[in-house]
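What follows is each chain in one-letter form.
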Amino acid sequence: QAMDTATTQAGEFMGTFAYAAPEQFRGTTADIDTRTDVYALGILLYEATTRQHPFPASSSLPEFIKAVEQREPKRPSLISPDVSSELEAVILRALATEPDRRYQSAGALGDDIARCLTGEPVEARRDSRWYLLRKTVHRHRFAAVIMSAFAILVLGFAVVSARQTRRIAIERDRAVSA
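Residues numbered from 1 in each chain as written. Predicted model: local features only at pLDDT ≥ 70, side-chain atom pairs only at ≥ 80, totals over all residues. Heavy atoms only, no water.

Brief notes about the overall build of the protein
Step number 1: The helix and strand tally for the protein stands at eight helices and zero strands.
Step number 2: For the protein, the α and β elements follow one another from N to C terminus as α-α-α-α-α-α-α-α.
Step number 3: Expressed as a percentage of its 178 residues, the buried residues of the protein come to 28%.
Step number 4: The contacts in the protein between residues at least 6 apart in sequence include a share of 51% that link residues at least 24 apart. (Helix = DSSP H or I, 4+ residues; strand = E, 2+ residues; numbered from the N terminus. Buried < 20%, exposed > 50% of the residue type's maximum accessible area, 1.4 Å probe, protein only. Contact = heavy atoms within 4.5 Å.)

Here it is in structure tokens:
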């Protein structure tokens, strides 16, 4: 008996349009890899946090494809204010138009989500020193409070010492001139 071989031809689209990455619409199979799956996971995260698709359906399929290929999605925090900046960075990195800017695997995406949940710095925002400092201070609040109090105490001591030194110098100059 003959087997039914339902396969796609080169250049044919395979997948669900709503969860397709830009490279899937271009039709070049060489560009489709695990980062394409990361994009779909990014859409699922976006929907889970905002209850909206990152590219709402337009009046036609060509308009939808153009939006996916050319536009950045609306920031999740603008739709749902309770989305943290870290989670937003993770979602937007997963939804990057260029595959090279996305996570290289679903595991890397999962690791960043785990870091987000534990309050550690996420890879999606690695480039900011202020961000890393803020996350470290947030994780080690008690030590940060002690260090801040100590720094304020030292600064206060330095200011008082400088004023006293100035006052003593003025008194000395008065005594010498008298």
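From this point, the narrative continues.
Regarding the nonpolar core
Step number 1: Of all hydrophobic cores here, the largest spans 22 residues; its most connected members are Tyr 39, Phe 55, Val 68, Ile 91, Leu 95, Tyr 103 and Leu 109.
Step number 2: No other element matches the five residues that helix α2 (residues 34-50) contributes to this core.
Step number 3: Once residues lying within four places of it in the same chain are set aside, the contact partners of Leu 109 are Val 38, Leu 41, Leu 45, Val 90, Ala 94 and Tyr 103. (Core = buried A, V, L, I, M, F, W, Y, C linked by side-chain atoms within 4.5 Å.)

Quick word on the packing of α2 against helix α6 (residues 106-118)
A pair of packed helices is captured by two measures, namely the crossing angle of their axes and the spacing between those axes.
Step number 1: Their axes nearest at 9 Å, the elements α2 and α6 cross at an angle of 35°. Once α2 is placed against α6, the crossing between them reads as right-handed. Side by side, α2 and α6 meet where Val 38, Leu 41 and Leu 45 of the first sit next to Ala 106, Leu 109 and Ile 113 of the second. (Axes fitted to C-alpha atoms, helices over the stretch in contact; angles between N-to-C directions. Left-handed = near helix turned anticlockwise from the far one by under 90°.)

Description of the side chain of Glu 23
Step number 1: When you line up the elements, Glu 23 lands in helix α1 (residues 22-26).
Step number 2: Aside from chain neighbours lying at most four places away, what touches Glu 23 is Thr 28, Asp 31, Ile 32, Arg 35, Thr 36, Thr 97, Pro 99 and Arg 102.

Digging into the layout of surface pockets
Step number 1: Size it by volume and the largest pocket reaches roughly 210 Å³.
Step number 2: Along its surface, the largest pocket is lined by Glu 72, Arg 75, Ser 85, Ala 89, Leu 92, Arg 93, Ala 96, Arg 101, Ala 124 and Arg 125.
Step number 3: Counted by class, the lining of the largest pocket contains four nonpolar, one polar and five charged residues. (1 Å grid on protein atoms, 1.4 Å probe; cavity = no way out; pocket = protein on both sides within 12 Å on 5 of 7 lines; lining within 4 Å. Points joined across faces, edges and corners; volume = space filled by probe spheres on them. Nonpolar A, V, L, I, M, F, W, Y, C, P; charged D, E, K, R; others polar.)

Description of the pattern of salt bridges
Step number 1: Applying the stated criterion across every chain, the model contains eight salt bridges.
Step number 2: Among the ionic pairs, Arg 172 bridges to Asp 173, the shortest N-O distance being 3.4 Å.
Step number 3: Residue Asp 173 is classed as partly exposed on the basis of its relative accessible area of 45%.
Step number 4: What emerges from the salt-bridge pattern is a single network uniting Asp 33, Arg 35 and Asp 100. (Salt bridge = Lys/Arg side-chain N within 4 Å of Asp/Glu carboxyl O.)

A look at the confidence of the model for the protein
Step number 1: Summing up the model confidence of the protein, the mean pLDDT is 85 and the portion of residues at 70 or higher is 88%.
Step number 2: Within the protein, α2 carries the highest mean pLDDT (95), whereas helix α7 (residues 129-139) carries the lowest (71).
Step number 3: Considering only residues more than four positions removed or in separate chains, one finds that residues 1-8, a stretch of pLDDT under 50, has one contact. (pLDDT = per-residue confidence, 0-100.)

Focus on helix α8 (residues 141-177)
Residues lying three or four places apart along an α-helix face the same way, a consequence of the helix completing one turn every 3.6 residues.
Step number 1: For α8, which comprises 37 residues, the first-to-last C-alpha distance of 54 Å matches the rise-based estimate of 54 Å (1.5 Å per residue) to within 8%.
Step number 2: When you tally the buried positions in α8, you get one out of 37 residues, a small fraction of the element. (Expected span 1.5 Å × (residues − 1).)

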